[in-house]
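Each chain, written out:
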Amino acid sequence: MALINENYLKLQGSYLFAEIAKRVANFKIENPTANIIRLGIGDVTKPLAPAVIEGLHKAVVEMASAETFRGYGPEQGYQFLIQKVIEFDYKPLGVSLEEDEVFISDGSKSDVGNFQEIFQTENVVAITDPVYPVYLDTNVMAGRTGDFQSDGHFGKVVYMACNAENQFKPELPKEKVDLIYLCVPNNPTGTALTRTDLKKWVDYAKEHHAIILYDAAYEAYIQEDDVPHSIYEIEGAKEVAVEFRSFSKKAGFTGTRCAFTVVPKSVMAFTKDGKEYPLNPLWNRRQTTKFNGVPYIIQRGAEAVYSPEGQQQIRDIITYYMTNAKIITEGLKSIGLQVFGGVNAPYIWLKTPNGMDSWSFFDKLLSEAHIVGTPGTGFGPSGEGYFRLTAFGNRENTEDAVARIKTRLKI
Ligand SMILES: Cc1ncc(COP(=O)(O)O)c(C=O)c1O
């Protein structure tokens, strides 16, 4: 008799986006001519930069002749891309990395989801609330979270509430935790942590022999000087942190798929009898066993991100999205809404007016302004009373949406 992994039965469904789709479909039936603007999507809308397209094309041509054809590549990624990552993403920050500390992959979602596999199930996991759901769900699947409770929490997970009162900065857990997920800049709140904030986490991790799983998928959107671009800018982080980066939001690779994870050889975890063991060879073993590398063509496309033209072109696209973020933020503030994020991230997190719950605000925004956003509760219990809008739309829709919110929303 084949038994299933019953941890999967504990997962709390993909209720959020299914429910959004259902409500939008119902609204469309009742209002067939309504022009709906979607500010809920977490996907980019701009095409790949011309330099990236050129890099991809050249690689496609190489695949057509026997002399330059590539089959299986190194599971960890090609050196040409790893070297660019080290030189452009870390060296300018004063962070030195060796080539075998960078692992190229097909996405941060898979890496951040898979990484927990190399840890014991007994580890206590700490996540922020609200949270990017992958951290939680992959630990549920692994049996690390205990059961789901009526208060919306899993029994064995330490939730760090992030709200307007604490400026969306997670507080150090009172209990001892082993694995800490931090997402900076944050999805969904759009807020960020400074060097001083992060130093506390690195110190905590060192003191408690914990590991920080640092998701920096939105690093390219950082605008403020006191927000670090890498956790390794913080003294001691190379002993306790693994960093996840992605080309998805940085360079529009959401459908093209390329990312990387940094596992310094100095990051140590422990065997049950207290012996130190580096994570780097474990992750290398995990990847070489279960993953066969990112396509050569795609890695050449990612390499082109680092050419002078590529750098300029992706900077322009990020500026475009961040201008959208500014337009949304200023528009909402002008009608008295309380708005967070949108400065170092393409996400705007707003407090629903008059104490409305997140879903009621969803319905209100849809019916009065014909705009779709994402209810904060979809990201965790502490998201109740908040709402997420994204800056990934085009300028015309963004401006139109803001005008509608200003003129049609009754608050
Ligand atoms: C916080 C965060 N991490 C990771 C990802 C996934 O990135 P990738 O496209 O590289 O899998 C996303 C995508 O929305 C995200 O919001």
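Quantities reported herein were computed from a predicted structural model and do not represent experimental measurements.

Conventions we followed
- Residues numbered from 1 in each chain as written.
- Predicted model: local features only at pLDDT ≥ 70, side-chain atom pairs only at ≥ 80, totals over all residues.
- Heavy atoms only, no water.
- Helix = DSSP H or I, 4+ residues; strand = E, 2+ residues; numbered from the N terminus.
- Buried < 20%, exposed > 50% of the residue type's maximum accessible area, 1.4 Å probe, protein only.
- Contact = heavy atoms within 4.5 Å.
- Areas by Shrake-Rupley, 256 points an atom, 1.4 Å probe, with all protein chains shown as cover.
- Lys, Arg positive; Asp, Glu negative; His and termini not counted.
- Charge placed at Lys NZ, Arg CZ, Asp CG, Glu CD.
- Near = heavy atom within 4 Å.
- Polar contact = N/O pair within 3.5 Å; in protein donor to acceptor, adjacent residues only side chain to side chain.
- Nonpolar A, V, L, I, M, F, W, Y, C, P; charged D, E, K, R; others polar.
- Axes fitted to C-alpha atoms, helices over the stretch in contact; angles between N-to-C directions.
- Left-handed = near helix turned anticlockwise from the far one by under 90°.
- Pairing = 2+ DSSP bridges.
- Core = buried A, V, L, I, M, F, W, Y, C linked by side-chain atoms within 4.5 Å.
- Phe/Tyr/Trp six-rings, centres within 6.5 Å; stacked < 30°, edge-to-face > 60°.
- Lys NZ or Arg CZ within 6 Å of the ring centre and 35° of its normal.

Topic: the overall build of the protein
When helices and strands are tallied, the protein shows 12 helices and 15 strands. Buried positions account for 54% of the 411 residues belonging to the protein. At a minimum sequence separation of 6, the contacts of the protein that also span at least 24 residues come to 73%. Total accessible area on the protein stands at roughly 18,300 Å², and carbon and sulfur atoms take up 52% of it. For the protein, the separation between the mean place of its 43 positive charges and that of its 51 negative charges on side chains is 3 Å.

A look at the site of the ligand
Around the ligand lies a shell of 14 residues, among which N187, D215, Y218, S246 and S248 are the nearest. Within the side chain of Y218, an N or O atom sits 2.6 Å from an oxygen atom of the ligand. For the ligand, an oxygen atom lies 2.5 Å from a polar atom in the side chain of S248. Of all elements in the fold, only helix 4 (108-114) and helix 7 (247-251) reach the threshold of two or more residues within the shell around the ligand. Along the lines of polarity and charge, the residues of the shell around the ligand split into 5 nonpolar, 5 polar and 4 charged.

Some details on the side chain of S382
For S382, the position within the fold is in the loop between strand 14 (374-375) and strand 15 (386-390). Not counting residues up to four positions away in its chain, the partners in contact with S382 are D129, P130, A161 and C162.

Side note on the packing of helix 1 (residues 15-30) against helix 11 (residues 358-369)
Running from N to C, helix 1 and helix 11 cross one another at 35 degrees; their axes reach a closest spacing of 11 Å. Relative to helix 11, the crossing made by helix 1 is right-handed. Residues Y15, L16, E19, I20, R23, V24 and F27 of helix 1 touch helix 11, and the partners they reach there are W359, F362, D363, L366 and S367. When grouped by side-chain class, the residues that make up the contact of helix 1 with helix 11 number 8 nonpolar, 1 polar and 3 charged.

Some points on the pairing of strand 7 (residues 241-246)
The buried count for strand 7 comes to 6 of 6 residues, which makes it a mostly enclosed element. Residues A241, E243 and R245 line one face of strand 7 and the alternating positions V242, F244 and S246 line the opposite face, and both faces are buried. Bridge count between strand 6 (residues 211-215) and strand 7: 4 bridges; the pairing is parallel. Each bridged residue has a counterpart across the sheet, and for I212 the counterpart in strand 7 is A241. Bridge analysis of strand 7 against strand 8 (residues 259-262) gives 4 bridges, and the strand direction is antiparallel.

Side note on the nonpolar core
If you look at the biggest cluster of nonpolar residues, it comprises 55 residues, and the most contacted ones within it are I180, I212 and I231. With 6 residues, helix 3 (residues 79-90) is the largest single contributor of residues to this core. Dropping the residues within four chain positions of it, I231 is found in contact with L198, V202, I212, Y214, A237, A241 and E243. Ranked by size, the runner-up nonpolar core spans 49 residues in total, among them L337, W349, W359 and F362.

Section: the environment of L179
Here L179 is to be found in strand 5 (residues 179-183). Taking the relative accessible area as the measure of exposure, L179 reaches 0% and is therefore buried. Setting aside residues up to four positions removed in sequence, L179 forms contacts with F119, N123, V124, V125, A126, R144 and I211.

A word on the packing of aromatic side chains
Throughout the structure, instances matching the rule amount to 29 aromatic pairs. Between Y78 and F80, the ring centres sit 5.3 Å apart and the planes meet at 15 degrees, which makes this aromatic pair stacked. In this structure, Y78 and F80 share a single accessibility class: buried. Relative to F119, the ring of F115 has its centre 6.1 Å away and its plane inclined at 45 degrees; by these criteria the two rings are tilted. The same class applies to F115 as to F119, namely buried. Three or more aromatic residues link up through ring pairs in this structure, and these residues are F88, Y90, Y232, F247, F253, F260 and Y306. One residue, R300, lies across the ring of F80, its end atom 3.6 Å from the ring centre. Above the face of the Y386 ring, K351 is positioned so that its terminal group lies 4.6 Å from the ring centre.

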